[in-house]
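Fold and contact review
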Amino acid sequence: MTFEDNLSNIVAQLNENYTQSGLFFSRNDLERPNRDVIIKLLSDFKRLMFPGYFGSEHPNQTTAPFFVGSLLTSIHERLQHQIELALTYQAGGRTEGIRARAEEVCTELLAELPRIQKLIMIDVEAAFDGDPAAQSREQIIFSYPGLVAIFSHRISHELYIRGVPYIPRIMSEYVHSRTGIDINSGATIGEFFFIDHGTGVVIGETTEIGDCVKIYQGVTLGALSTRDGQKLAGIKRHPTIKNNVTIYSNVSILGGQTVIGEHSTIGGNAFITESIAPYSRVSVKNPELCVVQPGTAGFE
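First, a word on what this report is: a plain description of the structure on this page. These numbers were taken from a predicted model, which means no experiment stands behind them.

1. Side note on the overall build of the protein
Assigned secondary structure in the protein consists of 7 helices and 14 strands. The dimensions of the protein, computed from C-alpha atoms along their principal axes, are 65 × 65 × 40 Å. Within the span of the protein, comprising 300 residues, buried residues form 41% of the whole. A fraction of 47% describes how many contacts in the protein between residues 6 or more apart in sequence connect residues 24 or more apart. Accessible area of the protein: about 16,900 Å², with a carbon and sulfur share of 52%.

So this is what it looks like as structure tokens:
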């Protein structure tokens, strides 16, 4: 049987799946937020925060006001529309007050940008201070995946705390796919935050991280159990990390009641489900090293 012979059957079965799923045609043909537009907005935020580093523009002190004003106006128009789509879709088509709310959220976020930029530049300092391999702050801005993830989080978190659906998670998961760093937009993160290397880092929705915290690759700040699924929504289920904590690679810290006290250091490969007192040093006992010589039993 050729493709042409089978085409109508494939179309019919796919259309049946669409209808039965309830995810495609069930909301009065409402327009959903556009993922591509949201990703482009995130890129434009990066151009705005780091002028001259991303994109083709090279603003100077004379042209910067025009560059900023023009880009902000463009971001405002597109972001407000996407927020309005997201809120309307979540409300099942109800539009009362939604346009005004979208404008309010968008305006509030844009007004926060100077503060967010200062936070991100403090994060750049944290990376430069914490990584002896960093040759310059410019190198960090251009190339460090940890900074990309933190930057995105500081934007998406502002939308999350204002109750915007869909868009914060689209942003965080896009950056997750690009960097290997998964920071839920609900997590609260303080100043001078540094993720070194970054691959495999997971930071859950209700995590709270203080100031001057440094974490390495493979760290999970997660829930102790998710077996109750949606019943846990809105409940604190991820740990709290206090100020001046360092967490080395492949550590798992789990549970909403777990608190890592300030000025503590958590050694690699630890699995922690209970609180740690301030000024503690946690390490996993080194396993015994057994060297088997060639030609002896057990050598393969």
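2. Concerning the packing of aromatic side chains
Scanning all chains against the criterion turns up 7 aromatic pairs. Ring geometry for F54 against F142: centres 6.5 Å apart, planes inclined by 70 degrees, an arrangement best described as edge-to-face. Taken together, the positions of F54 in the loop between α2 (35–49) and α3 (64–90) and F142 in helix α5 (residues 137–143) put the pair 88 residues apart, joining distant regions of the chain. According to the relative accessible area criterion, F54 is buried, its value standing at 17%. A connected cluster of aromatic rings, assembled from ring pairs, spans F50, Y53, F54, F142 and F151. Here K46 stacks its cationic end above the ring of F54, 4.6 Å away from the centre of that ring.

3. Quick notes on the side chain of S172
Mapped onto the elements, S172 comes out in helix α7 (residues 167–179). Among residues more than four places away in sequence, those in contact with S172 are I183 and S185.

4. A closer look at a nonpolar patch on the surface
Judged by side-chain polarity, F3, L7, I10, V11, L14, Y18, L23, F24 and F25 come together as a nonpolar surface patch covering roughly 850 Å² of accessible area. Structurally, F24 can be placed in the loop between α1 (3–21) and α2. A relative accessible area of 41% places F24 in the partly exposed class.

5. Comments concerning the side chain of D44
Tracing the backbone shows D44 in helix α2. D44 gets classed as buried once you look at its relative accessible area, which sits at 1%. D44 has contacts with L71, I75 and R78, leaving out every residue within four places of it along the chain.

6. A look at the sheet that holds strand β2 (residues 188–189)
In space, the 4 strands of this open sheet follow the order β2-β5-β8-β11, with parallel pairing throughout. Edge strands, defined here as strands with exactly one partner in the open sheet, are β2 and β11 (259–260). Sheet topology places strand β5 (residues 208–209) next to strand β8 (residues 240–241); 2 bridges connect them, and they run parallel. Bridge pairing links E208 to T240 in β8.

7. Quick word on the pattern of salt bridges
Within the structure shown, the criterion is met by 14 salt bridges. For R101, the salt bridge is made with E104, and the minimal N-O distance between the two is 2.7 Å. Here R101 pairs with E104, and both are found in helix α4 (residues 98–130), just 3 residues apart, close to one helical turn. Given a relative accessible area of 29%, R101 falls into the partly exposed group. Overall, the relative accessible area of 38% leaves E104 in the partly exposed class. A salt bridge links R169 to E173, with the nearest nitrogen and oxygen atoms 2.9 Å apart. Of this pair, R169 and E173 both sit in helix α7, separated by 4 residues, roughly a single helical turn. What emerges from the salt-bridge pattern is a single network uniting K40, D44, R47, E57 and R78.

8. Re the sheet that holds strand β9 (residues 246–247)
Spatially, 5 strands are ordered β3-β6-β9-β12-β14 in an open sheet, and the strand pairing comes out parallel. Edge strands, defined here as strands with exactly one partner in the open sheet, are β3 (194–195) and β14 (281–282). Alignment of strand β12 (residues 265–266) against β14, held across 2 bridges, turns out to be parallel. Directly across from I266, in β14, lies its bridge partner V282.

9. Points about the nonpolar core
The biggest cluster of nonpolar side chains holds 66 residues, and the ones touching the most others in it are F45, I83, F193, I203, I215, I241 and I247. Counting residues per element, the ones that place at least two in this core are α2, α3, α4, α5, α6 (145–160), α7 and β3. Here this core takes 12 residues from α4, the largest share from any one element. Residue contacts for F45: discarding those within four places in its chain leaves I75, L79, L109, L110, L113, F151 and I155.

Rules and cut-offs
- Residues numbered from 1 in each chain as written.
- Predicted model: local features only at pLDDT ≥ 70, side-chain atom pairs only at ≥ 80, totals over all residues.
- Heavy atoms only, no water.
- Helix = DSSP H or I, 4+ residues; strand = E, 2+ residues; numbered from the N terminus.
- Buried < 20%, exposed > 50% of the residue type's maximum accessible area, 1.4 Å probe, protein only.
- Contact = heavy atoms within 4.5 Å.
- Areas by Shrake-Rupley, 256 points an atom, 1.4 Å probe, with all protein chains shown as cover.
- Phe/Tyr/Trp six-rings, centres within 6.5 Å; stacked < 30°, edge-to-face > 60°.
- Lys NZ or Arg CZ within 6 Å of the ring centre and 35° of its normal.
- Patch = residues over 30% accessible without salt bridge, like charges linked within 9 Å, V, L, I, M, F, W, Y side chains within 5 Å.
- Salt bridge = Lys/Arg side-chain N within 4 Å of Asp/Glu carboxyl O.
- Pairing = 2+ DSSP bridges.
- Core = buried A, V, L, I, M, F, W, Y, C linked by side-chain atoms within 4.5 Å.

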